[in-house]
Structure formats: C-alpha cells, structure tokens
Amino acid sequence: MIQDVLNERWKVLIAMMLLVSSAQLSAQEKALVNTSKSPYAKFIAVNLDAVKWTGGFWGHWADVSRDTMAINMLNLYENDAVCHGFCNFEIAAGYKEGRHRGAPFHDGDFYKTLEAIIAVYASTNDKRYYDELERVIKVIGEAQRPDGYIHTPTIIKQRNNPAASTAFEDRMNFETYNMGHLMTAACLHYRVTGQPNFLNIAIKATDFLVAYHENASAEQARNAICPSHYMGVIEMYRTTRDKRYLDLAQQMIDIRGLIDNGTDHNQDRIPFRQQREAVGHAVRANYLYAGVADLYAETGEDSLLVALESIWKDVVTKKLYITGACGALYDGVSPNGNTYNQGIIQQVHQAYGQAYQLPNISAYNETCANIGNVLWNYRMLLITGDSRYADILELSLLNSVLSGIDLGGTKFNYTNPLRVDFDLPYELRWKKEREDYISYSNCCPPNVVRTVAESQNYAYALSKKGLVINLYGSNELTTSLFDGNILELRQETDYPWDGQIKLSIKKAPPTPFDIDLRIPAWSSDAVIRINGEEVPLDISAGSYATLTRHWKSGDVIELNLPMPVRLMEANPLVEETRNQVAIMRGPIVYCIESPDLNGIRIFDIELPADIQLKPVKEEVAGSQITFLQGEALLQSPKEWNGDLYRPINPKKDLKKINIRLIPYFAWGNRGKSEMSVWIPLRK
C-alpha cells in the first residue's frame, strides 16, 4: 500500500517537473536526435517541426506519409486478423484474455509505428494523430509492470501462469530492443507534445534497466541483441539529464566482449574499442554503431571514435552496395576462409560478409540494416561535421531505404537485392516483391514508415556559426540559431531529379552568420549565385561551401549542381560485377526492369561505353519519376538448354535497341518483375 502511494507521488512529481521543463525547451531540444547540450557534437539538429516539405520529391513522400503510410501501419498493428501487435498490449494490460502472438520484437515494431504517428503529428498538428496516441499510450502504461519492466511476451505469460516466465531468460526475446524503441518514441512524443505520459513509461523502463545492470553479470547483460536501446538510453539522458542513464550507456559498451562465448554475429566477440571491421548481423551492427556515436557525443572518448571511423571506412570501401545498402549475406560464417582454427568459426546471418563480398541476386540488404546505416551516418555527421557522412546518408535514404516501400506507401520489401531473375531454379527465403504485411518478421515496414515520416529531420542542422544544409528538397524552414535569433528560409527545387536549388531568405537575424551548402561528392562544376551574382568561391565536391554575410530578407541563393549521367564500375575485387556497370544520375541509382523491355530478357542487354542517356519524367503509381532513355545493344537470344558452360561466339550478333532505366527505389511498382542494377558493358 505504501509502495503504491509512493509510486503515485513519484508519477506526479515527475509529471510536474517535466511539464515545467517542456515549456522551456528550445527549438534545438525538440529535435529527433537532441545534441543541443552534447559537448562533443559539431552539429545540432533543428526542431522536428521546423521543416515542412512543400512539394517535389520529398513533398510527395510527405503527402503519402501523412495520408496513408503512418495510419495504415497503425491500422495493421491494431487488426487482430493480421497482426497481434496492439492486442498483445491489451492482453498484458488485462483488457483481453489470450496468449501472446507474433514475433517477440512486435512491441518494438509497434513503438516504431507510434514514432511515425508522432512525427506526422509534429508536421501537421492534426489532432487525429494526437488522439490516437493518447488512446494507445494509456494501454501501454497499464501493461507495464510496477517495477518498470515492459515486454508483452513475458508479461502475458506471467499473467496466465506467474511461474512460467522471467525477464531476460532468453536472449532472443528482444526485451532491450523493444525498450529501446519505446525510449526513442517516448522522448520524441514528449518533445513534440510536451506531455509526460509516454515519457513516464519510458523512465520506469529505463530505471528498470539501470537496476538490472547494477546486479547483472556480463553474461546476463549480453541480452542486448539488436541494441536499439543504446540510442534510446542516450536520448533518455538527453531528455531527463539523469546521469544514471549516461552511466548505463557507458556500462553497456564496457561489458561487450567481456564474456567467453561472445560472437561476431552479435559484435561482442572482442571489446568494442578493439573493433576495426564491420562483422555479423548488419542491423545489430548498425544500431550498435549509431548508439556508440551517440555515446561519443556525450563523453568524447577518443577510443570510441577511432573504432567508429575505422569500421565506417571498412564498410564504405569494402562492404557497401552502390545503393547504400549493407548486409550482403543471407547466411555465412565468420571468420570465413582465413583461419586454420575451425573451432572459432561461427555462423552468421543477415550479415556483413568479407571485404568485396557483394552478390547481387542473393543480396540480403535488409531494409532495417539500410535504415540503421542512415541512423549511424546521421550521428557521425552530427559529431564530426564531415559531409562524407551526409553523402552516405543521402545515398542510403534515397535508394536502399525507399526501395523498402512502394510509391503508394502500403507494400514493403524485407530484402533489397540488386538483381531479380525468374530463371533461377531455387527460391530465396524472402519474396522479391513487396507485401502488405511481412508475416512473422514485420520489423522493416514500421521502420521505413517512421524514417520517411522523419525525413525532414535530416535536411538541416545548426553549427555555432549558422545554418548547415545537408539534404535538398522543396521545404520551408523556421528555426532559431545559436544566439536565439529567428531564421526563416524557403527552398525550391526538383532535386534529386534536377540540380537547380533556390534558397530564399524570408527572415534573417540582425547579425552576420554562415550558411553552409553541402556539395555532394558526386558533383562537379557546382556554381553558387547570391542575388544573381556568381560567388567567387573555391567549391570542392564532398564538402560544405560556406557563405558568410549579413543576410537580409529577400536575399536569394542559387546552387546549381550539374547532373550528368555516370557509368559506374566496381572495384575488380567485387567478382559479381566484373565487366558490368551501374548507372547513376545525381544521388539516384538506376536499374533496368522487365516492364520496359517488352519481353526481352534482361541478361541479353549490353550497354555501349559511349551510351547517351537522357532524363524523361513520367508518372508511376501517382508519383513523378525521372527515367533515363537511350540506345543499348541486344544480343541475339540463345537458349542455354541446361548447359553450364559453352564456347563464346566471337561474331556475336548485336543490334541496337531503345531502353529505359528506372530509379532503383521505384522498381517493382508496375507488377512482379525482373530487375538488374549492374548491366554488361560493351567497350
């Protein structure tokens, strides 16, 4: 009885404290990732509702997110005939009878869905979304145990049979993964709405983890698979300033690698600070790296940054697909082929492979891993201010993240191969066409839905000297700078289809400040004009161009990023792409797809080295898409008749054929199809 009274008093005190502090939150403190007080971050994100997409490429996705994606995902998770996601909370809270159904990580995926709803509410201020959140949060709170533990598979088992299950008895139960997504969603909800009800649930859950880790052995603490909670715990620290949460994050990194049976698959065979290569399950890896980057922003520990930068270099120079996707392997072993000690070889799946091991047909490239790559690179950008991380963020976001969802916002890919061929005599584990709901493992759909809903978060940042522009797209920005003065800016562009970008100052501070324009690494001959006059500036690709002046309302900046078509080749150590090329224009990767070939087989097409490809815009599934059209070469089709090898024909009969290439992210929107990013080159 006394404990119940104390709990109620505790809730009231926390609520009062947070409501007071909420009113004092600055724009920078209401960001998705709040580095406003992080001593080792170079950039600070602007408020989530500071940016509104107004048209063009990202305007389309914002409309789909607002009208379809987020609410569709919530409806799926509340439809018991499809998914038990919300029903599990209702059972755990005592509203319904029954057993837990679905994957053990369904709770976390439901929290991702709520995070998407929160982000849409931040952009629209539509009360429908707020009311949905209030209804659901109430049930989640009632499902939580008094000690703060919340994980519906265990709670439902304990409700039905108190002796049947205990917390953290199975490391594959994903408890901390689920709690991590709870923390992230709750922090965002508090920052957007100012209401502490969801955050109170997350505080109790985080306190439970603090208490658990005080007494847990390294083996017990190893339950941190798929560690979304590293990011979550740091955001809880940033929101509450409770030093215990920062200490918890530090402790969770310290214990990795301190046990006898650690695995490459879980990135804990050796201590994190000694790691220099990306290994194991790619989602777990990228979530880990993102969380460590968050920790570095608060502590500045050099050994963490040394490891992160080394691992990042390993990925982008040896293990990253041209689409920005990562995690090449369905199944494999680690280490693979470079040790005589067979006793240390371990199985991995959904994993990073060896250097240059980048298959196309069997590429795994889970959408969650690609989103993890965005999360990781975004945090690396915030802590370093280095534009190379924004380049990879954009590459992944525009290509291998958006490929995880159809243009209408209701069908999803789990894996993202770079080639689909109907002639293969076997089926891979995951379908090569998008689905409404991915049974058992529906982790990717809510993840891509929340990522699109939060896309405006990545567009801008603040430095101590002014504004930083990371991504381009038509939008309106209203934010305060470091000195508290308000800046209002309008961006107009058809990027990524066109490289002409116009920035109009609507309201400017009374003192000079910097505007940093990202010049992508792929660009050349960029030109900047201010009020119609070209700026005599040494503009370098792969950097920020800094414009410093006393800006005033009515000033116009024009950035021109020429977008020639580029034929890309891979390092010859990538066996699967020898003598083939991929096509890029700006940040967009293209592919050839069977609906554009009128029955011709994809592998009969070759590209001449001097091919001229021209952009042509057309509508696909309600979205304006820029295709590339040109003249390629067609081999005379010949059947293989079951042969594995045959002599080449030195007098190969080739004829010219008109082809169209579609952006990789948009493939599969015109029915089931074959597709290939890499195409044979005829020199």
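About the thresholds
- Residues numbered from 1 in each chain as written.
- Predicted model: local features only at pLDDT ≥ 70, side-chain atom pairs only at ≥ 80, totals over all residues.
- Heavy atoms only, no water.
- Phe/Tyr/Trp six-rings, centres within 6.5 Å; stacked < 30°, edge-to-face > 60°.
- Helix = DSSP H or I, 4+ residues; strand = E, 2+ residues; numbered from the N terminus.
- Buried < 20%, exposed > 50% of the residue type's maximum accessible area, 1.4 Å probe, protein only.
- Lys NZ or Arg CZ within 6 Å of the ring centre and 35° of its normal.
- Axes fitted to C-alpha atoms, helices over the stretch in contact; angles between N-to-C directions.
- Parallel < 35°, antiparallel > 145°, perpendicular 65-115°, else oblique.
- Left-handed = near helix turned anticlockwise from the far one by under 90°.
- Contact = heavy atoms within 4.5 Å.
- Nonpolar A, V, L, I, M, F, W, Y, C, P; charged D, E, K, R; others polar.
- Pairing = 2+ DSSP bridges.
- 1 Å grid on protein atoms, 1.4 Å probe; cavity = no way out; pocket = protein on both sides within 12 Å on 5 of 7 lines; lining within 4 Å.
- Points joined across faces, edges and corners; volume = space filled by probe spheres on them.

1. Points about the packing of aromatic side chains
Okay, step 1: Applying the stated criterion across every chain, the model contains 24 aromatic pairs.
Okay, step 2: Ring centres of Phe513 and Trp551 lie 6.5 Å apart, and the angle between their planes is 45°; on these two criteria the pair is classed as tilted. Remark: Trp551 occurs in the loop between β15 (543-549) and β16 (556-560) and Phe513 occurs in strand β12 (residues 513-519); sequence separation between them is 38 residues. Judged on exposure class, the residue Phe513 and its partner Trp551 are both buried.
Okay, step 3: Site record: aromatic cluster; members linked through ring pairs are Trp53, Phe57, Trp58, Trp497 and Phe665.
Okay, step 4: The ring of Trp640 has Arg646 lying over it, and the distance from NZ or CZ to the ring centre is 3.9 Å.
Okay, step 5: When the ring centre of Phe627 is taken as reference, the NZ or CZ atom of Arg660 above it lies at 4.0 Å.

2. Describing the packing of helix α10 (residues 228-240) against helix α11 (residues 243-254)
Working note: a packed helix pair is described by the angle between its axes plus the distance between those axes.
Okay, step 1: Between α10 and α11, whose axes approach to 8 Å, the crossing angle comes to 160°. Judged by the inter-axis angle, α10 sits roughly antiparallel to α11. Once α10 is placed against α11, the crossing between them reads as left-handed. Across from His229, Tyr230, Val233, Ile234, Met236, Tyr237 and Thr240 in α10, the residues of α11 making contact are Lys243, Tyr245, Leu246, Leu248, Ala249, Met252 and Ile253.
Okay, step 2: Classifying every residue of the contact of α10 with α11 gives 11 nonpolar, 2 polar and 1 charged.

3. Some points on the sheet that holds strand β9 (residues 475-480)
Okay, step 1: Here 7 strands make up an open sheet; going across it, the order is β2-β9-β10-β11-β16-β13-β14 and the pairing antiparallel. Both edges of this open sheet fall to β2 (51-53) and β14 (533-534), since each of them pairs with a single strand only.
Okay, step 2: Here 4 bridges tie strand β13 (residues 527-530) to β16, and the two strands are oriented antiparallel to one another. Of the residues in β16, the one forming a bridge with Arg529 is Glu558.

4. Looking at the layout of surface pockets
Okay, step 1: Here the largest pocket defines a volume of roughly 1200 Å³.
Okay, step 2: Forming the boundary of the largest pocket are 36 residues, of which Phe603, Asp604, Gln635, Trp640 and Arg646 lie nearest the centre.
Okay, step 3: The element best represented in the lining of the largest pocket is strand β25 (residues 679-682), accounting for 3 residues.
Okay, step 4: Broken down by class, the residue content of the lining of the largest pocket amounts to 14 nonpolar, 8 polar and 14 charged.
Okay, step 5: Looking at the second largest pocket, its volume works out to about 710 Å³.
Okay, step 6: Lining the second largest pocket are 30 residues; nearest its centre among them are Val316, Leu320, Tyr321, Ile322 and Leu395.
Okay, step 7: Of all the secondary-structure elements, those providing two or more residues to the lining of the second largest pocket are α13 (302-318), α15 (387-401) and β17 (565-568).
Okay, step 8: In terms of residue count, the dominant contributor to the lining of the second largest pocket is α15 (5 residues).
Okay, step 9: Residues that form the lining of the second largest pocket fall into these classes: 18 nonpolar, 4 polar and 8 charged.

None of the figures reported here should be taken as evidence of function without further support.
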